[in-house]
Amino acid sequence: MVAELTAPRLDVDGLLADPSIRIVVCCGAGGVGKTTTAAALGLRAAEVHGRRTVVLTIDPARRLAQSMGLTELDNTPRQVKGIDVERAGGELHAMMLDMKRTFDEVVEQHTTPKRAAEIFANPFYQAMSSTFAGTQEYMAMEKLGQLRAGEEWDLIVVDTPPSRSALDFLDAPARLSRFLDGRMLRLLLAPARTGGRSVFSLVTASFGLFSKTVQKVLGAQLLTDLSGFVAALDSMFGGFRQRADQTYRILQDPQTAFLLVAAPERDAIREAAYFAERLVAERMPLAGLVLNRMHHTELAGLSAAESEAAAARLDETGDNQVTADVLRIHASLLRQAEREAGVAAGFTGAFPAVPTTSVTAQPADVHDVDGLRTIGALLA
Amino acid sequence: MPVRLTRARNVGCMGEHRNWPERLHVVTGKGGTGKSTVAAALALGLAAGGRRTLLVEVEGRQGIAQLFGLEPLPYAERRVAQTTGGGEVRALAVDPEEALLEYLDMFYKLGAAGRALRKVGAIDFATTIAPGLRDVLLTGKVKEATTRSRDGNRFYDAVVLDAPPTGRVGRFLNVTEETARLVKVGPIKTQSEGVASLLRSPMTAVHVVTLLEEMPVQETLDAIAELSALHIPVGRVVVNGARPPLLADGRVTKAEIKRGLTAAGLPAATATVSRLATEAQAHLTRRELEESLRLELAELGRPMVELPLLPAGVDRAALGELAALLMRA
């Protein structure tokens, strides 16, 4: 199926069977089948390679989640039923990330119960823990760090959040810690640290203008809430940073394998290429590219042009309309396969050394364990 | 709801379009459904016959520039296409930082102080700490363009917003709620209320783009339920990438294929016939699923538009074709 691609073939089974690989991160643009790929890899690791596997999903499609026995965002790995645990002795567990709860847990671990209660009550914390751009990515990393530290799993498969850009996953922790460490926050914190009355009492004159503007635009209550929030978070800076750095180092370690997931569409391939560049730049281990939803035909001998010309001849006679339609279906399949191979070549041309595997488009969506098993076999 | 201004029928202002009467068209859809393409085609269609439209993107993707084959757009309203009768599409890529500075400048005459704010990271801070604030700035800019007038005439006949995808669009458009959690008084609150009332008025319609695939359709249903609950008017459901209805009878036999191939003068080896039959069967399976998804969408009772799959990809000419199809619908 990858005959038309020049890239080396990605050895998925080799990867899943390798006991030194402990984390597989599936990343790519939204809507390319990341979750399905992650679930299929997890299932295969458990059923075929006997590994005790957990799949961390972020925002799975409802029916896919149900097929794995996940009904709520509860941060708890649940064993997936209906898989063959006898054959190789592996297990598959799956969990959905609860972003807010994970954030709450981080706060609880890093501060006193009294402080935690204050933080939870702050409207900024509430906004940030549920909507801050990057919180989901950061918490996915945090959860991954926790799962890895527990040493409970042979293999952790991570489905990254459906970000606007695949790169957000790598940037979010840095952004959050930059944010928490930023100059702005320091300025806001200055009075809280010294016990000053006014939020901006100790800062420079040029900042005075800003504070006046902010007060006018946003109101004083907001500043009070904000300063309370950052003062509370201040006590946790060190911990936050350290954990983000730790997880980042795990991702650079050879125990981790990054798989880029893409569909043969221009945007998705472009995202995959950006991501590949970043992984190389960050010295993170890029294992390969998974091309989902590829079309192909077993009937290479009958070209699209021939099929269309024949369909037109049949149209003229008015008989054999069924065959005319069948020929058009074949022609459009050929053209689609050709187009997809062209789009995919945009990646393989830029990264010829990245191993690649492709998965044939399924006529219907995958939402049961059998479907995942099929995808797993196609991947390998 | 603001009353529409009466105006002379001249310079780029022709009043509402017969089939698309709203002034602000918000286009959403799951990622990968082609919502940006549909937004661009809609802006193009609505600009036909001497009208002027504005196509806005808010996610920093520079998707408009790519669609029209242009260099990345600055934060300024630039003409990206001309249409019949002297019409034009302008485009704007809204940047939250620029929007905040512009906003502060408008109300507070900040000048150089605004640039100083950026230096200390204040803008980054303000737009990061509370995405609700950022969204108010983005939608605020859209509102300003939608309601802008010049010499008593509205400046744009229509504004088309290439909005965030279905999963985030409810939160994005529900600006008051998000902002009210943080801001109790002041101009930001006033601004967010202005945006909220425009978005809930008959001047606005949110169109949802989908493919006939399970996930996009599910997200379409979810988004429409969410928007309805927020009292934000839902416009059309745009089914993108629709395939021509081949094998309408829904069945095919190998004998028929063999006979047809022979009649067309093609070799009809058994292997060829059976592979064609397999492909046809996969097509039928796919189509059956598409049909049931189409029914699910139809049950919403919303006006539906279908746009064809463009096998060769989208260029300026293809955008024009899609625009024409949209305007007829």
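Residues numbered from 1 in each chain as written. Chains lettered and ligands numbered in written order. Predicted model: local features only at pLDDT ≥ 70, side-chain atom pairs only at ≥ 80, totals over all residues. Heavy atoms only, no water.

Participant: Could you give an account of the sheet that holds strand 7 (residues 158–162) of chain B, naming the residues involved and the relevant values?
Facilitator: Residue and element names in this part refer to chain B. The sheet built from eight strands is open, its strands ordered 3-4-2-7-1-8-9-10 with mixed pairing. The open sheet is flanked by strand 3 (78–83) and strand 10 (304–308), the only strands paired with a single partner. Sheet twist, expressed as the mean angle between neighbouring strand axes with direction ignored, is 25°. Relative to strand 8 (residues 204–210), strand 1 (residues 24–29) runs parallel, the two being bridged by six bridges. Paired with Val-26 across the strands is Val-206, a residue of strand 8. Those strands touched by helix 13 (residues 316–328) are strand 3 and strand 10, and its axis lies near 155° from that of strand 10. (Pairing = 2+ DSSP bridges. Helix = DSSP H or I, 4+ residues; strand = E, 2+ residues; numbered from the N terminus. Axes fitted to C-alpha atoms, helices over the stretch in contact; angles between N-to-C directions. Contact = heavy atoms within 4.5 Å.)

Participant: Run through the pairing of strand 8 of chain B, naming residues and quoting values.
Facilitator: Residue and element names in this part refer to chain B. Counting buried positions along strand 8 gives seven out of seven residues, so the element sits mostly inside the fold. Burial along strand 8 is two-sided: Thr-204, Val-206, Val-208 and Thr-210 facing one way and Ala-205, His-207 and Val-209 facing the other are all buried. Where strand 8 meets strand 9 (residues 234–242), four bridges bridge the pair, whose relative direction is parallel. Residue pairing across strands places Val-208 opposite Val-237, the latter belonging to strand 9. Handedness of the crossover joining strand 8 and strand 9 through helix 10 (residues 214–229): right-handed. (Buried < 20%, exposed > 50% of the residue type's maximum accessible area, 1.4 Å probe, protein only. Right-handed = clockwise from strand over helix to strand, strands pointing away.)

Participant: I'd like a description of the packing of aromatic side chains, backed by residues and values.
Facilitator: Evaluated as defined, the whole model comprises five aromatic pairs over all chains. Ring centres of Phe103(A) and Tyr125(A) lie 5.2 Å apart, and the angle between their planes is 70°; on these two criteria the pair is classed as edge-to-face. Remark: Tyr125(A) occurs in helix 6 (residues 123–131) and Phe103(A) occurs in helix 4 (residues 99–110); sequence separation between them is 22 residues. On the basis of relative accessible area, Phe103(A) is assigned to the buried category, the value being 1%. Taken together, the ring pairs in this structure connect Phe103(A), Phe120(A) and Tyr125(A) into an aromatic cluster. Against the face of Trp153(A) rests Arg52(A), its NZ or CZ located 4.6 Å from the ring centre. Residue placement shows Arg52(B) over the ring face of Phe155(B); its charged tip is 4.2 Å from the ring centre. (Phe/Tyr/Trp six-rings, centres within 6.5 Å; stacked < 30°, edge-to-face > 60°. Lys NZ or Arg CZ within 6 Å of the ring centre and 35° of its normal.)

Participant: Account for the confidence of the model for chain B, with residues named and values stated.
Facilitator: Residue and element names in this part refer to chain B. Mean pLDDT for chain B: 86, with 85% of residues reaching 70 or above. Counted against residues more than four places away or in other chains, residues 1–12, with its pLDDT under 50, gives 22 contacts. Scoring the predicted complex yields pTM 0.82 and, for the interface, ipTM 0.78. (pLDDT = per-residue confidence, 0-100.)

Participant: A description of the sheet that holds strand 1 (residues 23–27) of chain A should follow, citing residues and the corresponding values.
Facilitator: Residues and elements named next belong to chain A. If you trace the eight strands from one edge of the open sheet to the other, you get 3-4-2-5-1-6-7-8, paired in mixed fashion. If you trace the sheet from one side to the other, it starts and ends with strand 3 (78–79) and strand 8 (356–360), each paired once. Pairing between strand 7 (residues 286–294) and strand 8: four bridges, direction parallel. Across the sheet, Leu-291 pairs through a bridge with Ser-358, a residue of strand 8. Helix 2 (residues 34–47) contacts strand 1, strand 2 (52–57), strand 4 (91–96), strand 5 (155–159), strand 6 (256–262) and strand 7 of the sheet and is inclined by roughly 170° relative to strand 2. Along the sheet, helix 15 (residues 321–350) contacts strand 6, strand 7 and strand 8; its crossing angle with strand 7, the most-contacted strand, is approximately 170°.

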